[in-house]
Structure formats: C-alpha cells, structure tokens
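Structural characterization, general
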Amino acid sequence: KQEVTQIPAALSVPEGENLVLNCSFTDSAIYNLQWFRQDPGKGLTSLLLIQSSQREQTSGRLNASLDKSSGRSTLYIAASQPGDSATYLCAVIVDSNYQLIWGAGTKLIIKP
Amino acid sequence: GAGVSQSPRYKVAKRGQDVALRCDPISGHVSLFWYQQALGQGPEFLTYFQNEAQLDKSGLPSDRFFAERPEGSVSTLKIQRTQQEDSAVYLCASSLVEGAYEQYFGPGTRLTVT
C-alpha cells in the first residue's frame, strides 16, 4: 500500500531564506507527483505536477524534483516571502489514474 | 463559474442528524472527486465520478455515506446519522479530463458533529 510522508511537519524561517520541503513515498510505481498549497478557508491550489518520466518542474521561485527510484520528491522555495506561509502537501497518483494518495503536509511560516 | 464552489461552507450537526453537502464543479469538467480531510492530516479519497457515473466509491468510510452526480454536473455528498468521527473538512475537486490531472479544488465544507 502506497504511503506518503512529509518532513518536517512544520517549519518556521525568516523571510528571504531558501528552503526545502521533503516528500517520500513507499511505492515507486507512480503516474505523477503533485505539490499543492493549502491556505486556511481557501481550499487547495496545485503548484507543480511532475510526470513519472520527468525529474523536475519549475514555476517562478518554486522548483520540485522527483527521484522515483528512491521514492523522494523535494519542493525548493527560493527567497521565501511571508505570502508563502501556508501548508504544502504532496500527493501521488498510483495505479489508477484518478486516486491521489496524500501526505499530511508541512505547515510553513515565513517570519517578516 | 470561475471555480469550484461548495456549500455550505460550515455545517454544525447534532449527532444522528443527516447532512447534505453540495459541490458545483467548473462547468464542463468531466471528473469530480470528494475527499475527507481530518484536522492536521492530508485529504483522503472518498469517491470519483466521471460525468454522472460513480466509478469508484471505495473510499467512502461506511454505508452512511452516499454521493451522487445525477446530471454530470452538481454533486451531493450525503451523510446519514452523523457521528462525531465524521467531523472533518469535505473537499470537492473537478478536472476537465478523465482522471486526476489538473484538479481544481473548492474551499471545502467544514462539518462539525456535536
């Protein structure tokens, strides 16, 4: 059974720092991996989607990498800003094409 | 509409009451998903619709949970005889194509069972 783990559960850093959020999964047979952002009361927003054949995706200050063989993904946030404060979740699609398996998230606080 | 909407945003139910949660997906989206998110946890899959067909309901926690999407657009998640363990945020998402790619999420309904 696929399990997704995110470390750390919470992170607080000063504004301007570069940071890395980690996601690991137990079964390397995934279709893709997605990173989402969750703001209180505002639902989930997709940030980056990495297909199983890709190794990374970039959007602005965000870069996500995928290493299927080791079951790991990282989300790199450059030059963090207070507006980046949110919970970041990763999720994988497994043998069906529709069932997302989610991590519990990393709650990120960027201090001004 | 501009995005996925859900109503009500907050619902307080007494234990044993029935509740109905509504999801309005983005117009034209084929796929619709329901998730349950407990406090401090990631969402957990409940059910998946492709148009009006419920293709997977394996995540529904008990037979007290029922979901429908009769015309392939609006969906309702119904919970009968609510229990305290049903307290969670219920998220709806839709996708233009078949499958879970490019899902757009609604703001969720926070259900509290007292």
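The structure contained in this document is the topic of the report that follows. Worth saying up front: this structure is predicted, and the values here are computed from it rather than measured.

Our focus in this paragraph is the environment of Ser58 of chain B. Topologically, Ser58 of chain B is positioned in the loop between strand 6 (53-56) and strand 7 (65-68). Considered as a pair, Ser58 of chain B and Leu46 of chain B are 12 residues apart in the sequence and their alpha carbons are 6.8 Å apart. In this structure Ser58 of chain B touches Gln99 of chain A together with Phe45 and Leu46 of chain B, once residues within four positions along its chain are discounted. Within the structure, Ser58 of chain B has its side chain in polar contact with the side chain of Asp56 of chain B (distance 2.6 Å).

Within a regular strand, side chains alternate between the sheet's two faces. Residue and element names in this part refer to chain B. Across 3 bridges, the pairing between strand 5 (residues 44-50) and strand 6 is antiparallel. Residue pairing for strand 6: Gln50 is matched across the bridge by Ala53. Between strand 5 and strand 6, which pair antiparallel one after the other, the connecting turn spans 2 residues, and Asn51 there sits at a positive phi close to 55 degrees.

By the definition in use, this model includes 2 disulfides over all chains. Two residues, Cys23 of chain A and Cys90 of chain A, share a disulfide whose sulfurs are 1.9 Å apart. Residues Cys23 of chain A and Cys90 of chain A are joined by a disulfide whose S-S torsion is about 75 degrees; by sign, that bridge is right-handed. Taken together, the positions of Cys23 of chain A in strand 3 (residues 19-25) and Cys90 of chain A in strand 9 (residues 86-93) put the pair 67 residues apart, joining distant regions of the chain. Each of the two residues, Cys23 of chain A as well as Cys90 of chain A, counts as buried. Residue Cys23 of chain B pairs covalently with Cys92 of chain B via a disulfide, S to S 1.8 Å. In this structure, the disulfide formed by Cys23 of chain B and Cys92 of chain B twists by about -65 degrees around the S-S bond and is classed as left-handed. Within this pair, whereas Cys23 of chain B is found in strand 3 (residues 19-24), its partner Cys92 of chain B is found in strand 9 (residues 88-95), the two being separated by 69 residues in sequence.

On to the packing of aromatic side chains. For the coordinates displayed, the defined rule picks out 9 aromatic pairs over all chains. A centroid spacing of 5.8 Å and a plane angle of 85 degrees characterise the contact between Trp102 of chain A and Tyr35 of chain B, whose relative ring orientation is edge-to-face. Of this pair, Trp102 of chain A sits in strand 10 (residues 100-102) while Tyr35 of chain B sits in strand 4 (residues 31-37), on two different chains. Exposure remark for Tyr35 of chain B: the relative accessible area of 0% places this residue in the buried category. Each ring, one from Trp102 of chain A and one from Phe105 of chain B, has its centre 5.8 Å from the other, and the planes form 80 degrees; the classification is edge-to-face. Highlighted residues: Trp102 of chain A in strand 10 and Phe105 of chain B in strand 10 (residues 104-105), drawn from two different chains.

Procedures and definitions
- Residues numbered from 1 in each chain as written.
- Chains lettered and ligands numbered in written order.
- Predicted model: local features only at pLDDT ≥ 70, side-chain atom pairs only at ≥ 80, totals over all residues.
- Heavy atoms only, no water.
- Helix = DSSP H or I, 4+ residues; strand = E, 2+ residues; numbered from the N terminus.
- Contact = heavy atoms within 4.5 Å.
- Polar contact = N/O pair within 3.5 Å; in protein donor to acceptor, adjacent residues only side chain to side chain.
- Pairing = 2+ DSSP bridges.
- Disulfide = S-S within 2.5 Å.
- Buried < 20%, exposed > 50% of the residue type's maximum accessible area, 1.4 Å probe, protein only.
- Phe/Tyr/Trp six-rings, centres within 6.5 Å; stacked < 30°, edge-to-face > 60°.

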